[in-house]
Amino acid sequence: AGLSDDLVEQIDAIDGVEATAPIRSALTFDDGDTPVSVTTGDFDALERTTGLQLADGSLERVRDGDALAVADLSGLFGEDAAAAGMPTERVGDVRGLRDLDGEIRYLEIGATLEGELDALLLGYLVGEETFAELVGEQPVNFVFVRVAPAAADEVGVSLDRVLRDHTGVDVLAGNFLGQIVAQVFDFLIGAVNGLLGMSVVIALVGIVNTMTLSIFERRRELGMVRAL
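A brief look at the structure comes next. (Residues numbered from 1 in each chain as written. Predicted model: local features only at pLDDT ≥ 70, side-chain atom pairs only at ≥ 80, totals over all residues. Heavy atoms only, no water.)

Right, let's talk about a nonpolar patch on the surface for a bit. A cluster of nonpolar residues, Ile180, Val181, Val184, Phe185, Phe187, Leu188 and Ile189, forms a patch on the protein surface that exposes about 690 Å² of accessible area. By the secondary structure assignment, Ile189 is in helix 8 (residues 176-217). (Patch = residues over 30% accessible without salt bridge, like charges linked within 9 Å, V, L, I, M, F, W, Y side chains within 5 Å. Areas by Shrake-Rupley, 256 points an atom, 1.4 Å probe, with all protein chains shown as cover. Salt bridge = Lys/Arg side-chain N within 4 Å of Asp/Glu carboxyl O. Helix = DSSP H or I, 4+ residues; strand = E, 2+ residues; numbered from the N terminus.)

With that settled, consider the pattern of salt bridges. In the structure shown here, the tally under the stated rule is eight salt bridges. Arg98 is the partner of Asp33 in a salt bridge, and the nearest nitrogen-oxygen pair spans 2.7 Å. Pair noted here: Asp33 is in the loop between strand 1 (17-29) and strand 2 (35-41) and Arg98 is in strand 5 (residues 94-98), with a separation of 65 residues, a long-range link.

The pairing of strand 1 with strand 8 (residues 140-147) spans seven bridges and is classified as antiparallel. Across the sheet, the residue bridging to Ile23 is Phe142, located in strand 8. Two elements, strand 1 and strand 2, share seven bridges in a ladder whose sense is antiparallel. Along strand 2, the bridge assignment pairs Ile23 with Gly41. Where strand 1 folds back onto strand 2 in an antiparallel hairpin, the turn is made up of five residues, including Asp33, whose phi is positive at roughly 60°. (Pairing = 2+ DSSP bridges.)

Honestly, it's all geometry; don't read function into it.
Encoded structure:
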């Protein structure tokens, strides 16, 4: 869903928010009829909010020219990226994207970005003029937010308050994938601890049972020893 300009301004005005980067995104098709995401936004704001890092090429050419930027996955998968079926993107390669008229428009990769989560979420990053030619005018779809150190909790509460009446908008922490992985490991550790607790209880019952049976089975012998 699109975000109104007024909502974007409210997000930017929250105490503790140091920078925002509104992003406009849309789906189109490449020359192989595969759906791809095309995005645009303020490149300087992206650098301030996401820490977007250039791996190769020039972002100025993407912003002002007829080129695109894409995340470089070789930094994540190394030399195994191609073997794993991951697309390898290099400056100078050409990608075909379908425009509003259904025609294939070929754009050269002018820059590659460090293969981090934020860069992967952007898909194909293009300049605003190129974006309008490919998918037309689109509203803001999501906003990257950079918060002041140690202010994440307060900003999160303020964001929830601002977005209370916008049921189609969600707030995600920047490390939400890490939080998901942490929840999985917490569940596994809890399950192991539960099984360990059950094994301790079973062991205690077994010890008490063995001692009790040993005493009952040897009552006569113990009584004889005590009488002697």
